[in-house]
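These are the residues of each chain, in order.
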Amino acid sequence: MKKRKNIQDFIAMKKAGEKITVLTAYDASMARMLHASDVDILLVGDSLGMVVLGYDSTVPVTMDMMIHHSSAVRRGAPEAFVVGDMPFGSYQSGPRDAIINAGRFLKEAACDAVKLEGGLEVCETVRAMVAAGISVMGHIGLTPQTAMQLGGYKVQGRDTASARRLLREAKGLAEAGAFSMVLECVPSQLAEMISGAVNVPTIGIGAGPHCDGQVLVVNDLLGMFEKFIPSFVKTYTNLAPIMKESIAQYNREVREGSFPDAAHSFSAQIDLQAIMKDQ
Ligand code: KIV
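A quick note: this is a predicted structure, and the numbers were derived from the prediction, not measured. (Residues numbered from 1 in each chain as written. Predicted model: local features only at pLDDT ≥ 70, side-chain atom pairs only at ≥ 80, totals over all residues. Heavy atoms only, no water.)

## With respect to the overall build of the chain
Now for step 1: Secondary structure summary: the chain contains eleven helices and eight strands in total.
Now for step 2: In terms of its C-alpha atoms, the chain occupies a principal-axis envelope of roughly 85 × 35 × 35 Å.
Now for step 3: Split into buried and exposed, the 279 residues of the chain put 47% on the buried side.
Now for step 4: Summed over all atoms, the accessible surface of the chain reaches about 14500 Å², with 56% contributed by carbon and sulfur.
Now for step 5: Across the chain, 27 positive and 30 negative side-chain charges occur, with their mean positions spaced 5 Å apart. (Helix = DSSP H or I, 4+ residues; strand = E, 2+ residues; numbered from the N terminus. Buried < 20%, exposed > 50% of the residue type's maximum accessible area, 1.4 Å probe, protein only. Areas by Shrake-Rupley, 256 points an atom, 1.4 Å probe, with all protein chains shown as cover. Lys, Arg positive; Asp, Glu negative; His and termini not counted. Charge placed at Lys NZ, Arg CZ, Asp CG, Glu CD.)

Below is the structure:
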């Protein structure tokens, strides 16, 4: 059994220049596989809403949905470092709600930490959460919960003013006590600058190679989510056609009667004639 990593380990990894790997997980079987494959952090992302639950955005995701799936991830990977993603509406109203809802991730789903989106506007909340004993991962750049305010799913920090703002937000989150932060859809040069300016790990997604770690949605990496694939995603394998062909073969075999065969059936020495006579 591998030792469960903690936030000091991740900060030490940054100092040592060792990259941190993060992948999303939404259920127990995937969580077990990811932990066995030595992924450093399992993120129960609110991408759950789009990847698993079929919504068009992350906005409809509720606390109950997140707790349900985070608990499953924890059951599948009891020794993994698990981060629960705070859904839209669970922290924007301020520190009190944020602490209550983050507390649910820790108490009901045994998460190690929570993640929330936002820059300077959430720093006071992050500070209060950390003071309450909650480990918080920030998330700046493209923040999907408020993507419409940002003009859609677009790269952020492409001009001097917005790049300056992102740097200020990153420093603000680190100063508020966030133990790490996701940088989503940010130019590589800016992500490199931010990573050098904060003393906590940056976790990039669409933010180039210079972040302290990387995160991807696991279904994208495995080629299982066919609705759309962002250009920054590397599809390491293409499972969707393999899955569809296996399902088509099952359909064919059931319909033609070749499944189940003897190898996939049970048998017993039963006197069927005696049973028939009893009827
Ligand atoms: O919800 C999510 O999966 C995320 C990551 C992609 C960073 O926020």
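## Regarding the packing of helix α7 (residues 160-176) against helix α8 (residues 188-197)
Now for step 1: Close contact between α7 and α8 brings their axes to 10 Å; oriented N to C, the two are set at 30 degrees. Accordingly, the angle class assigned to the pair α7 and α8 is roughly parallel. α8 is crossed by α7, and the crossing has right-handed handedness. Contacts from Ala163, Leu166, Leu167, Ala170 and Lys171 of α7 reach α8 at Leu190, Met193, Ile194 and Ala197.
Now for step 2: Here the contact of α7 with α8 is built from residues that sort into eight nonpolar, no polar and one charged. (Axes fitted to C-alpha atoms, helices over the stretch in contact; angles between N-to-C directions. Parallel < 35°, antiparallel > 145°, perpendicular 65-115°, else oblique. Left-handed = near helix turned anticlockwise from the far one by under 90°. Contact = heavy atoms within 4.5 Å. Nonpolar A, V, L, I, M, F, W, Y, C, P; charged D, E, K, R; others polar.)

## Comments concerning the pattern of salt bridges
In a structure, side chains of opposite charge can pair up when their charged atoms sit close to one another.
Now for step 1: Summed over all chains, the structure comprises twelve salt bridges.
Now for step 2: The partner of arginine 74 in a salt bridge is aspartate 112, with the nearest N and O atoms 2.7 Å apart. Residue arginine 74 is found in helix α4 (residues 63-76), and its partner aspartate 112 is found in the loop between α5 (95-109) and β4 (113-115); the two are separated by 38 residues along the sequence. The residues arginine 74 and aspartate 112 share a single accessibility class, namely buried.
Now for step 3: Of the charged contacts in the structure, one is a salt bridge between arginine 165 and glutamate 169, with a shortest N-O distance of 3.4 Å. (Salt bridge = Lys/Arg side-chain N within 4 Å of Asp/Glu carboxyl O.)

## So, the nonpolar core
Taken as a class, soluble globular proteins show a tendency for nonpolar side chains to be buried jointly.
Now for step 1: Core analysis: the largest hydrophobic core is formed by 60 residues, its most contacted members being Leu42, Met129, Met181 and Leu183.
Now for step 2: The biggest single contributor to this core is α7, with seven residues.
Now for step 3: Not counting chain neighbours up to four residues away, the residues in contact with methionine 129 comprise Met86, Ala98, Ile99, Ala102, Val114, Leu116, Ile134 and Val136.
Now for step 4: The next biggest cluster of nonpolar side chains, apart from the first, holds 15 residues, and it includes Ile41, Phe179, Val182 and Val215. (Core = buried A, V, L, I, M, F, W, Y, C linked by side-chain atoms within 4.5 Å.)

## Examining a nonpolar patch on the surface
Now for step 1: Together, Val52, Leu53 and Tyr55 line one region of the surface with nonpolar side chains, adding up to about 220 Å² of accessible area.
Now for step 2: You can see tyrosine 55 is positioned in the loop between α3 (48-51) and α4. (Patch = residues over 30% accessible without salt bridge, like charges linked within 9 Å, V, L, I, M, F, W, Y side chains within 5 Å.)

## Regarding the packing of aromatic side chains
Now for step 1: Going through the model one piece at a time under the given rule, you end up with four aromatic pairs.
Now for step 2: Ring plane angle 70 degrees and centroid distance 5.9 Å describe the contact between phenylalanine 81 and phenylalanine 179, whose orientation is recorded as edge-to-face. Residue phenylalanine 81 is found in strand β3 (residues 81-85), and its partner phenylalanine 179 is found in the loop between α7 and β6 (180-184); the two are separated by 98 residues along the sequence.
Now for step 3: Taking the centre distance of 5.9 Å and the plane angle of 75 degrees together, the rings of phenylalanine 225 and phenylalanine 228 count as edge-to-face. (Phe/Tyr/Trp six-rings, centres within 6.5 Å; stacked < 30°, edge-to-face > 60°.)

## Digging into the sheet that holds strand β8 (residues 213-216)
One key point about sheets: their strands pair by backbone hydrogen bonds, in either a parallel or an antiparallel sense.
Now for step 1: Read around the barrel, eight strands follow the order β1-β2-β3-β4-β5-β6-β7-β8 and close on themselves; strand pairing throughout is parallel. The sheet shows a mean angle of 25 degrees between the axes of neighbouring strands, taken without regard to direction.
Now for step 2: When strand β1 (residues 20-24) meets β8, the two strands line up parallel, connected through four bridges. Considered in β8, the bridge of leucine 23 is made with leucine 216. (Pairing = 2+ DSSP bridges.)

## A short note on the pairing of strand β2 (residues 41-44)
Now for step 1: Across the two faces of β2 the burial is the same, with Ile41 and Leu43 and Leu42 and Val44 all buried.
Now for step 2: Two strands pair when backbone bridges link them, and β1 and β2 are joined in this way by three bridges, in the parallel orientation. Within β2, the residue paired with threonine 24 across the bridge is leucine 43.
Now for step 3: Handedness of the crossover joining β1 and β2 through helix α2 (residues 28-36) is recorded here as right-handed. (Right-handed = clockwise from strand over helix to strand, strands pointing away.)

## Quick look at the domain arrangement of the chain
Now for step 1: Under the domain assignment used here, the chain contains domain 1 (7-238) and domain 2 (242-277).
Now for step 2: Once you take the C-alpha centre of each, domain 1 and domain 2 turn out to be 45 Å apart. (Domains from an automatic or database assignment.)

## Points about the site of the ligand
Now for step 1: Residues in contact with the ligand, as listed here, are Thr24, Leu43, Gly45, Asp46, Ser47, Asp85, Lys115, His139, Val182 and Ile205.
Now for step 2: At 3.2 Å from an oxygen atom of the ligand is found a side-chain nitrogen or oxygen belonging to aspartate 85.
Now for step 3: Lysine 115 places a polar side-chain atom, nitrogen or oxygen, 3.0 Å from an oxygen atom of the ligand.
Now for step 4: Considered on its own, the ligand offers 250 Å² of accessible surface; in the complex 95% of this is hidden by protein. (Near = heavy atom within 4 Å. Polar contact = N/O pair within 3.5 Å; in protein donor to acceptor, adjacent residues only side chain to side chain.)

## Quick notes on unusual backbone geometry
Now for step 1: Cis geometry is found at the peptide bond from phenylalanine 259 to proline 260, where omega equals 0 degrees.
Now for step 2: Along the chain, proline 260 falls in the loop between α10 (239-256) and α11 (272-278).
Now for step 3: Its identity is not glycine, yet cysteine 185 carries a phi of approximately 50 degrees, on the positive side.
Now for step 4: Secondary-structure assignment places cysteine 185 in the loop between β6 and α8.
Now for step 5: Note on cysteine 185: relative accessible area 8%, which makes it buried.

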